[in-house]
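One letter stands for each residue in the lines below.
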Amino acid sequence: MKKVFQKMSLTIFLLSTTLIAACTQPLGAMEINQTASIAANNIKGPLDAKEVEAFADQLFAEKMKKFNVNGSNFVVVRDGKVLVNKGYGFADKEKNIPVDKDTVFQIGSVTKTFTAMAVLQQVDAGKIDLHHNVEAYLGGLKIPNKTGKPLTLYDMLTYSSGFDSPDITTFLGPQYIEQDISLAEFVSKNNMPSVIRPPGEVYSYDNTGFLLAGYAVEKASGIPFDEYMDEKVFKPLGMSSSSVRLKPELLKRMAAHYRPNGEPHPAEGFIPSSAPQGSILSTGEDMANYLIMQLQNGKFDGKEIVSKKSINLMHSYQIFAEKDMPVTTVGFENLYRELANGQHVVFKGGNIPGHASLIVLIPEQKTAFYMSYNNDSDMRADIFKEFMDHYFPEKEKAEPVYLPLSEKDAQKYIGLYENTRGFWTRTSIAYENGSLMLEDATSGKQKLRMIHPLLFVDEEGNKIAFKEEKNGNITYFYYSTPNNVTHAVAHSQKMDRKETYSDVSNSSSYKTYINNLSALSIMGAKTGSKFDPTGTMTQGEFIDALIKAHGWYGFPGDEAINRKQLAASIPDLNLSAPISRQTAAVMIQTLKQLEPMATSKVKLQDKADAWATDAITILASQGIVDPDTKISADGSFTFRAKDLLKRQEASALIDLAFGYYSLPIKR
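A quick note: this is a predicted structure, and the numbers were derived from the prediction, not measured.

**Re the pattern of salt bridges**
By the definition in use, this model includes 28 salt bridges. Of the charged contacts in the structure, one is a salt bridge between Lys 86 and Asp 57, with a shortest N-O distance of 2.8 Å. Linking Lys 86 in strand β2 (residues 81-92) with Asp 57 in helix α2 (residues 49-66), this pair joins segments that are 29 residues apart in sequence. Put simply, Arg 581 and Asp 626 hold a salt bridge, and the shortest N to O gap is 2.8 Å. Taken together, the residues Arg 581 in helix α16 (residues 581-592) and Asp 626 in the loop between α17 (610-621) and β26 (636-637) connect sequence positions 45 residues apart. Of the residues examined, Arg 581 reaches a relative accessible area of 1% and is grouped as buried. Relative accessible area serves as the criterion here: at 1%, Asp 626 is assigned to the buried category.

Set out below in structure tokens:
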């Protein structure tokens, strides 16, 4: 789940998925030894409980030290038997409380798999049709829909709802632990996002979809969601220490929360109190039962919890970025596809600030594992990689044959793209020297090689799949990369970058910046078809543009926090007054919080107020200056700090600060 992002690191953005960066780490001594062990012993899956425990003991000792994790649990099941159910380290380091099989963790978005199963139980009972308009199951609640295509529970459970702000209904914080707000009360009092893309069209990680799916279960069954989960899911599975609510008896056994640096992090609750998208607490003991049921086609202890047909939907990929790139099942995802060693694996990861979880199912091998731990690091990626390399080593793969791409054929890919969930992530696709070139803030500049006209691979071996309309136009891409966590949880949409302003000449050095901001709906025409490039703008207008450019506006409370920060950064803020260049620089730096580029020594030559000087020089050191501001070879520059900001200058500063080439700019 997600919280207000100014309070959290970007890794929590993956409440959903994964902290994938660890996938790219070089082989260590332990990994090399394990590779040799595989060759010697020809291990095929976890078979012997003692061997699995010995492997896990060594693995967790190494990885917990590497990622500064205080405590973790680990459960492995195979063929209906629990091979390992063990705790490592401390649930509470300060109190010297160890993790054991009964230690409670917040499993975050692993909750979504339970919610999907609850919906499928209602499908089995004939009370819900996955492919019917979801509004039929929401007790009169209406979902704004601009597409003309009905939104279904199938779309929601496969993360393809098409919402404009899929996280806007997710609230998380310490203040919610003691509150009690029902799901029905919450949905009746909060605005829903709008469906702006045809449901089922593309993948975009979605908290609101699962929130509403839980509400549909509540309305279809006539039972409050938390009671339904207790009676229809946890009790039949013998999960006596699991709940979607923060029950006092479970909170007493809950592991403490820590930041990756080891500092304690306060526990956080949800609104609504029973959040179908991420509020479950559970233990290793309970999750072992859930894994066994999943691998036994929906049966546990002789009882059918959910039908085999429904389990097949949970285990079979439904949404594909490209025919060889499956993305989601009903409820599960494909987090670490490149690390699966050719096995059919379904995953679900979850994050609460200070807790992280992962569930892995390998149905064809009748094997599964679950883990939780008490910080926000990416340890789970390493654990999965080592587990697969040890028990299911990969066979050699043939190197693909890459095809040439002509400049003419490349035109349909070229453009500016914006992530459909992480709005702050923008990507440029261009054509240079016979190849597509991808550039964004995190991946940098990557040459793409073509496997076939809709599938490319970057220089690090990560795949990028384009989506093509029937008319041949490219509309989206999906980038399976460990370097950019935002790409991993959504498609990116191609933006309309038409050159429509009659008062912006083709020779203008500001034209690209103006067109970029127009395509992203950050700044548009002043009147009619005119941009008014040399006109001024008010402080309020500039703040509005910054909020959109910053991209955090899709999460609850973010816009209010941003506006408060911007107001506090400026002496005598006057929203209706024209904005000066120095005020604009301070506002940008307030949101960006950039550090001076060590390799770029700059010297401001003109006068600026003391409260603005640092911001101006930091932005200049990063290359964030308009085309009319020239930095000399010795680093000196004149910023015209107290001049009024022109609209074209605003477009350049905003695009350079928040565009695809930012964080930081390397010149």
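From this point, the narrative continues.
**Considering the environment of Phe 270**
For Phe 270, the location among the structural elements is in strand β8 (residues 269-271). Placed 98 residues apart in sequence, Phe 270 and Leu 172 show a C-alpha to C-alpha distance of 4.8 Å.

**Focus: the packing of aromatic side chains**
Under the criterion given, the structure shown has 24 aromatic pairs. Seen in terms of ring centroids, Tyr 203 and Tyr 478 are 6.0 Å apart; in terms of plane orientation they differ by 70°. Their pairing is edge-to-face. Pair noted here: Tyr 203 is in the loop between α5 (183-189) and α6 (207-221) and Tyr 478 is in strand β23 (residues 474-480), with a separation of 275 residues, a long-range link. With respect to burial, Tyr 203 and Tyr 478 carry one shared label: buried.

**Some details on the packing of α16 against α17**
Taken N-terminus to C-terminus, the directions of α16 and α17 make an angle of 70°; their axes are 8 Å apart at the nearest point. Classified by the interaxial angle, the pair formed by α16 and α17 is roughly perpendicular. Crossing handedness for the pair α16 and α17: left-handed. For the pair formed by α16 and α17, the contact residues are Gln 582, Thr 583, Ala 585, Val 586, Ile 588 and Gln 589 on the first element and Trp 611, Ala 612, Ala 615, Ile 616, Ile 618 and Leu 619 on the second. Residues that form the contact of α16 with α17 fall into these classes: nine nonpolar, three polar and no charged.

About the cut-offs
Residues numbered from 1 in each chain as written. Predicted model: local features only at pLDDT ≥ 70, side-chain atom pairs only at ≥ 80, totals over all residues. Heavy atoms only, no water. Salt bridge = Lys/Arg side-chain N within 4 Å of Asp/Glu carboxyl O. Helix = DSSP H or I, 4+ residues; strand = E, 2+ residues; numbered from the N terminus. Buried < 20%, exposed > 50% of the residue type's maximum accessible area, 1.4 Å probe, protein only. Phe/Tyr/Trp six-rings, centres within 6.5 Å; stacked < 30°, edge-to-face > 60°. Axes fitted to C-alpha atoms, helices over the stretch in contact; angles between N-to-C directions. Parallel < 35°, antiparallel > 145°, perpendicular 65-115°, else oblique. Left-handed = near helix turned anticlockwise from the far one by under 90°. Contact = heavy atoms within 4.5 Å. Nonpolar A, V, L, I, M, F, W, Y, C, P; charged D, E, K, R; others polar.

Purely spatial values, then, with no claim about function.
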